[in-house]
Amino acid sequence: MTSTELAASATSARRLHAVAPDEPVDGAIDRAGAIDRAGAIEAIESLLAALGRDPGSTHLAETPRRVADALIELLTPHPFAATTFANDEHYDELVVVADIPFSSLCEHHLLPFRGVAHIGYVPGDRLVGLSKLARVVELFARDLQVQERMTRQIADWIGETLEPSGVGVVLEAEHLCMSLRGVQAEGTRTVTSSLVGSVRDDDRTRREFLARAGLRGTEA
Ligand SMILES: [Zn+2]
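Residues numbered from 1 in each chain as written. Predicted model: local features only at pLDDT ≥ 70, side-chain atom pairs only at ≥ 80, totals over all residues.

### Some words on the UniProt feature "binding site: Zn(2+)" (unreviewed entry) in the protein
Thought 1: Under the UniProt annotation, "binding site: Zn(2+)" (unreviewed entry) lies at Cys106, His109 and Cys177. Across 72 residues in sequence, these annotated residues keep their C-alpha atoms within 8.0 Å of one another, forming a single compact spot.
Thought 2: On the neighbour-count criterion, His109 (15 C-beta atoms within 10 Å) is partly exposed.
Thought 3: Tracing the chain through its elements places Cys177 in helix α5 (residues 176-179).
Thought 4: When sequence neighbours within four positions are dropped, the list of residues in contact with Cys177 reads Cys106, His108, His109, Leu111 and Gly182. (UniProt positions renumbered as here; feature names shortened; annotations may be inferred. Buried ≥ 20, exposed ≤ 12 C-beta atoms within 10 Å, placed from the backbone. Helix = DSSP H or I, 4+ residues; strand = E, 2+ residues; numbered from the N terminus. Contact = placed C-beta atoms within 7 Å.)

Right, dumping it as structure tokens:
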């Protein structure tokens, strides 16, 4: 599957960048590095000084601590138990959870990107509680990310944990590094997708997933 254009919606330009299963996605998550809160606070102080601001001023006295804590929170996912259960009734229709809100931090600018995730899977032997899918999104969102990688990580997690016959993940997000600076393309949403197995290969299933995700697919 290649990158593909979707028809622009009425409200905003929507580009669908399909992340193929065999496409290399740079940089694995490295959560091995422990967070050094005191070091982060000091670094924000230095950053303010380097930006020509006075970190000693009363207005900024608490800023380094607040910024450090905000970043630490955004980089720390809530732990959750990925409880799965047997698909005793052999349910084999597409399950879709649409419009799961998320926010993440772009690793290029440390600015937020936020939007919604749409997840679908065609069950195999295991099912997962639908609320867990929102947790999976958060698990990967709370990191320094690029949208393409995050899309793939969610699809991989579902593939590995549930071994379904198909998985589809679509993320739609606005990147503040695009809308506040640079090209200042306000309202532009970037749409990425990772479609695997029957959600990729079966025409009807793919169309059903994209329709329920609110997208009109024009996959090549
Ligand atoms: Zn960015």
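### A closer look at the nonpolar core
Thought 1: One finds Ala117, Ile119, Val137, Ile154, Val167 and Val169 to be the most contacted residues of the largest nonpolar core, which totals 34 residues.
Thought 2: Mapped by element, the contributors of at least two residues to this core are β4 (95-106), β5 (112-122), β6 (126-128), α3 (130-141), α4 (147-162), β8 (166-175), β9 (189-197) and α7 (203-212).
Thought 3: Setting aside anything within four residues of it in sequence, one finds Val167 in contact with Tyr121, Ala155, Ile158, Gly159, Val196, Gly197 and Val199. (Core = buried A, V, L, I, M, F, W, Y, C linked by C-beta atoms within 7 Å.)

### Overview of the pairing of β4
Thought 1: As paired elements, β4 and β5 share 9 bridges and run antiparallel to each other. What sits directly across from Val97, in β5, is Ile119.
Thought 2: Taking the residues that link successive antiparallel strands as the turn, the β4-β5 hairpin has 5 residues, and the phi of Leu110 there is positive, at about 55 degrees.
Thought 3: The pairing of β4 with strand β7 (residues 144-145) spans 2 bridges and is parallel. Bridged to Cys106 within β7 is Gln145. (Pairing = 2+ DSSP bridges.)

### Quick word on α7
Thought 1: Those residues of α7 not exposed but buried are Thr205, Arg206, Phe209 and Leu210. The buried residues of α7 occupy an angular sector of 125 degrees when projected down its axis, which confines them to one face. For α7, exposure combined with an orientation more than 90 degrees from the buried face picks out Asp203, Arg204 and Ala211.
Thought 2: Buried residues in α7 make contact with β4, β5, β8, β9 and α6 (198-201). (Arc of directions from axis to C-beta.)

### Remarks on the pairing of β8
Thought 1: Counting buried positions along β8 yields 9 of 10 residues, so the element is predominantly enclosed.
Thought 2: By the bridge criterion, 10 bridges tie β5 to β8 in an arrangement that is antiparallel. Bridge assignment links Gly115 to a residue of β8, and that residue is Ala173.
Thought 3: One ladder, built from 8 bridges, connects β8 with β9; its direction is antiparallel.

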